[in-house]
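Structure assessment
These are the residues of each chain, in order.
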Amino acid sequence: MSAPNQASHGYDDLAALLTLMTGDEKHDASATSTLDVLWVLYDRILRVAPDRVDDPDRDRFLLSKGHGPMAYYAVLAAKHFLPVADLPAFGGFDSPLGYHPDRTLVPGVEIGSGSLGHGLGLAVGTALGLRMTGRDRAAVVVLVGDAELEEGSNAEAIQVAGRRHLGNLTTVVIDNSSASAGWPGGIAARFAVEGWSTRDVDGRDHDALERAFTAATDDRPHVVVAHVDPEEPR
Amino acid sequence: MSADTATTRTVPGENQRDRFYRLLPGLLADQPRLVAVLAEISVNYLEEVPPSIADRVVNVGIREQLLVGAAGGLALTGMRPIVHTFAAFLVERAWEQVKLDLGHQGVGAVLVSAGASYDWPEGGETHFGHRDVALLDTLDGWTVHVPGHPDEAEALLRAALPGDDRVYLRLASDSNRLPRDVSDGRMRVLRRGSRGTVIAVGPLADRTLAATEGLDVTVLYAATVRPFDAETLRTTLDSPDVVLVEPYLRGTSTAEVTAALRGLRHRVLGLGVGRNESRRYGVPADHDRLHGIDEAGLRRAITGFITEFD
């Protein structure tokens, strides 16, 4: 929800916002692999807004893969969660915007992350808590990387989310083929065997991403595996 | 006990952990914000809970990382998680989750451990938990309770539930004969003397009193060790020689005493569980003796310390 005096930003503005942080037209792959997924989530899926960051009924987006958060900050700035003027100080001593996000410093950021493998466990707890408090409309979306899935903590969370039928939980895996040992049979299969509904999708195709995120219709947790070419940062 | 921390009736032979399990269903029923998060350990005690609270007993299975991570997520939604397993698994195995999924997120939980340092010596080193309080000392904002009696454990648990802060409640099988008033987090004066102060923590109070019988020392009792009650130590201090008697890693609170007595020339002796792997089994009394915190060992060490410069 835009404040009246703030210019509204679209997807085409994100590159310029990223440049305020990187100072370079060519962006690091780890920063931009998430860009389209984040944009689709904040533009079309999540029921969140800067004026309701404490609303108990808001959807929760948990960025578990806290590395390379420039795309995240760019989207949050485009959606007016934080001032565009904060972006250039990225990583500075007085800046709220670190190389890994801190929920206590940035409005709208639901978890502090950076150490890999924490977001999915926190998301399971959040999904359980929303169910216990009767916040049935609020969805939890957690973003992890394919390499991050190597952390064993994710296996614990994937199993339990499946067994407890956490239909209010969606995991989006950014698969840019960076896992060192790989995932024979694909990532979605690992979730499917634990009882999740799954979608594989082109991580740059906004309409396909929207369809994948809205495909969850039952009481199973849902995973969207967003495939992104590691060689072609946009 | 003050009225608002009144405890339930006592069951003969009941230890701190038994009391915790007996209380938990009623607490969950009375306080809708509470959720018990378990990792198989002790889950059988809660199998018969009424359906109305069953959804707030979350057993994540043998997954300690998820145990603490899920507690962090639950706290983010405003719930108050009571997280329980053995000390070694609760504080050590999921250490980064304790650090990041609670502290770094700026949320809290009540971590309730069982097993203490070596409540199950037959189990050996894998189940010894004497490093827990020292580990939590590396983090910010933890309150640490070490009750010395089931009534104290109950009072401290009840007092921790309304908040949103980070609380560690360390339950032991061993207890003192009678409970003491621990409601304000302050140390209690058990005996006054003039040749130094002995601080007895939790279940070691009775034994410390017996070990110092006839010695001219002040004996203080602490069931809450973080925050450390520096004020009572300073205001009761006659001679600046302090002995810590702690049921966990030896020297854990030495830095707290040093801070409390800053500006005073003083001496500190830390007694407790040694850091060497013992690789021994047996019964708790064997390990008390091994670490010199049985009654005779305490008397020897304390007497030696206060008479060192006679």
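Because the structure is a prediction, the values reported are computed rather than measured.

Here's the deal with the interface of chain B and chain A
- Listed by partner, the interface residues are 26 residues for chain B and 26 residues for chain A.
- Here chain B packs against chain A, burying approximately 2,000 Å² in sum over the two surfaces, 60% of which is carbon and sulfur.
- When the buried area of chain B at its contact with chain A is split by residue, Arg63, Leu66 and Gln105 of chain B rank highest and sum to 27% of it.
- Taken together, the links from chain B to chain A amount to 0 salt bridges.
- For the pair chain B and chain A, the interface holds 9 residue pairs in polar contact (both at pLDDT 80 or more).
- Secondary structure elements with two or more residues in the side of chain B that touches chain A: strand S2 (57–59), helix H3 (64–76) and helix H5 (95–104) of chain B.

With respect to the domain arrangement of chain B
Residues and elements named next belong to chain B.
- Domain assignment breaks chain B into domain 1 (16–170) and domain 2 (188–306).
- Summarising the inter-unit geometry, the C-alpha centres of domain 1 and domain 2 are found 26 Å apart.
- In this complex, domain 1 contributes 25 residues to the contact, which on the side of domain 2 involves 29 residues.
- For the pair domain 1 and domain 2, the two sides together bury roughly 1,900 Å², of which 58% comes from carbon and sulfur.
- Two residues, Arg226 and Asp137, come together in a salt bridge whose shortest N-O distance is 2.7 Å.
- Residue assignment for the side of domain 1 that touches domain 2 shows that the elements contributing at least two residues are helix H6 (132–136), strand S5 (142–145) and helix H7 (150–160).
- Take the side of domain 1 that touches domain 2: its biggest share by element is 4 residues, from S5.
- Looking at side-chain class alone, the side of domain 1 that touches domain 2 contains 10 nonpolar, 7 polar and 8 charged residues.

Digging into the sheet that holds strand S9 (residues 218–222) of chain B
All names here are of chain B.
- Taken in spatial order, the 5 strands line up as S7-S9-S8-S11-S12 in an open sheet, and their pairing is mixed. Of all strands in the sheet, those bounded by a partner on one side alone are strand S7 (188–191) and strand S12 (267–273). Adjacent strand axes in the sheet meet at a mean angle of 25 degrees, parallel and antiparallel pairs treated alike.
- Examined bridge by bridge, strand S8 (residues 197–201) and strand S11 (residues 241–249) share 4 bridges and lie parallel to one another.

Remarks on the layout of surface pockets
All names here are of chain A.
- If you add up the space inside the largest pocket, you get close to 280 Å³.
- Around the largest pocket, the lining is made up of 17 residues, and of these Ala139, Gly167, Thr170, Phe213 and Ala216 lie nearest the centre.
- Partitioned by chemical class, the residues of the lining of the largest pocket number 8 nonpolar, 4 polar and 5 charged.

Notes on the pairing of S9 of chain B
Residue and element names in this part refer to chain B.
- The buried fraction of S9 is high, at 5 of 5 residues.
- As defined by bridge partners, S7 adjoins S9 across 3 bridges and the pair is classed as antiparallel. Opposite Arg191, over in S9, you have Val219 as the bridge partner.
- Inspection of the sheet shows S8 paired to S9 by 5 bridges, in the parallel sense. Considered in S9, the bridge of Ile199 is made with Leu220.
- Regarding the hand of the β-α-β motif, the stretch spanning S8, helix H8 (residues 205–211) and S9 is right-handed.

Remarks on helix H1 (residues 16–30) of chain B
Residues and elements named next belong to chain B.
- A rise of 1.5 Å per residue sets the reference length of H1, with its 15 residues, at 21 Å; its end C-alpha atoms lie 21 Å apart and thus fit the reference within 8%.
- Approximately 35 degrees is the largest bend angle found in H1, and it occurs at Leu23, with the proline Pro25 only one to four residues beyond.
- Within the sequence span of H1, burial applies to Gln16, Arg19, Phe20, Tyr21, Leu23, Leu24, Leu27 and Leu28.
- Capping the start of H1 is the job of one residue whose side-chain oxygen sits 3.0 Å from the backbone nitrogen of Arg17: Asn15.

Some words on the confidence of the model for chain A
- This prediction gives chain A a mean pLDDT of 93; 92% of its residues lie at or above 70.
- Below pLDDT 50 for its whole length, residues 1–5 of chain A participates in 5 contacts with residues either more than four positions away or in separate chains.

Points about the pairing of S5 of chain B
Residue and element names in this part refer to chain B.
- Side chains Trp142 and Val144 project from S5 onto one buried face, and the interleaved Thr143 and His145 project onto a second face that is buried too.
- Where S5 and strand S6 (residues 166–170) come together, 4 bridges link them in parallel fashion. From the neighbouring strand, Thr143 faces S6, where its bridge partner is Val167.
- Running through H7, the crossover from S5 to the neighbouring parallel element S6 is right-handed.
- Inspection of the sheet shows S5 paired to strand S10 (residues 224–226) by 2 bridges, in the antiparallel sense. Across the sheet, His145 pairs through a bridge with Thr224, a residue of S10.

Thoughts on helix H12 (residues 295–306) of chain B
All names here are of chain B.
- Taking 1.5 Å of rise per residue, 12 residues should cover 16 Å, and H12 covers 17 Å from first to last C-alpha, within 8% of that figure.
- Along H12, the positions that sit buried rather than exposed are Gly297, Leu298, Ile302, Phe305 and Ile306. Along H12, the residues classed as buried sweep out an arc of 145 degrees about the axis, all on the same side.
- Contact partners of the buried residues in H12: S8, H8, S11 and S12.

A closer look at the pattern of salt bridges
All names here are of chain B.
- Under the criterion given, the structure shown has 35 salt bridges over all chains.
- The residue Glu277 makes a salt bridge to Arg279 at a minimum N-O spacing of 3.5 Å.
- Taking the relative accessible area as the measure of exposure, Glu277 reaches 46% and is therefore partly exposed.

A closer look at the packing of aromatic side chains
- Tallied over the full model, the rule gives 12 aromatic pairs over all chains.
- An aromatic cluster is present here, built from Tyr42, Phe61, Tyr72, Tyr73, Phe81, Phe90 and Tyr99 of chain A joined pairwise through their rings.
- The aromatic ring of Tyr221 of chain B is capped on one face by Arg180 of chain B, whose charged end is 5.2 Å from the ring centroid.
- In this structure, Arg267 of chain B is placed above the aromatic ring of Phe305 of chain B, and the distance from its NZ or CZ to the ring centre is 4.1 Å.

Comments concerning the nonpolar core
- Counting residues in each nonpolar core, the largest one holds 73 residues, and the members touching the most others are Val124 and Leu169 of chain A together with Leu111, Tyr168, Ile199 and Leu233 of chain B.
- There are two domains that each give this core at least three residues, and those are domain 1 (16–170) and domain 2 (188–306) of chain B.
- Ignoring any residue separated from it by four or fewer positions in sequence, one finds Ile199 of chain B in contact with Met187, Leu220, Ala222, Phe228, Leu233, Val242, Val243, Leu244 and Val245 of chain B.
- Formed by 44 residues, the second largest nonpolar core is a distinct cluster that contains Leu18, Met21, Phe61 and Ala74 of chain A.

Cut-offs and rules
Residues numbered from 1 in each chain as written. Chains lettered and ligands numbered in written order. Predicted model: local features only at pLDDT ≥ 70, side-chain atom pairs only at ≥ 80, totals over all residues. Heavy atoms only, no water. Contact = heavy atoms within 4.5 Å. Buried area = accessible area lost by both parts, 1.4 Å probe. Salt bridge = Lys/Arg side-chain N within 4 Å of Asp/Glu carboxyl O. Polar contact = N/O pair within 3.5 Å; in protein donor to acceptor, adjacent residues only side chain to side chain. Helix = DSSP H or I, 4+ residues; strand = E, 2+ residues; numbered from the N terminus. Domains from an automatic or database assignment. Nonpolar A, V, L, I, M, F, W, Y, C, P; charged D, E, K, R; others polar. Pairing = 2+ DSSP bridges. Axes fitted to C-alpha atoms, helices over the stretch in contact; angles between N-to-C directions. 1 Å grid on protein atoms, 1.4 Å probe; cavity = no way out; pocket = protein on both sides within 12 Å on 5 of 7 lines; lining within 4 Å. Points joined across faces, edges and corners; volume = space filled by probe spheres on them. Buried < 20%, exposed > 50% of the residue type's maximum accessible area, 1.4 Å probe, protein only. Right-handed = clockwise from strand over helix to strand, strands pointing away. Expected span 1.5 Å × (residues − 1). Bend = angle between axes of the 7 residues up to and from the residue. pLDDT = per-residue confidence, 0-100. Arc of directions from axis to C-beta. Phe/Tyr/Trp six-rings, centres within 6.5 Å; stacked < 30°, edge-to-face > 60°. Lys NZ or Arg CZ within 6 Å of the ring centre and 35° of its normal. Core = buried A, V, L, I, M, F, W, Y, C linked by side-chain atoms within 4.5 Å.

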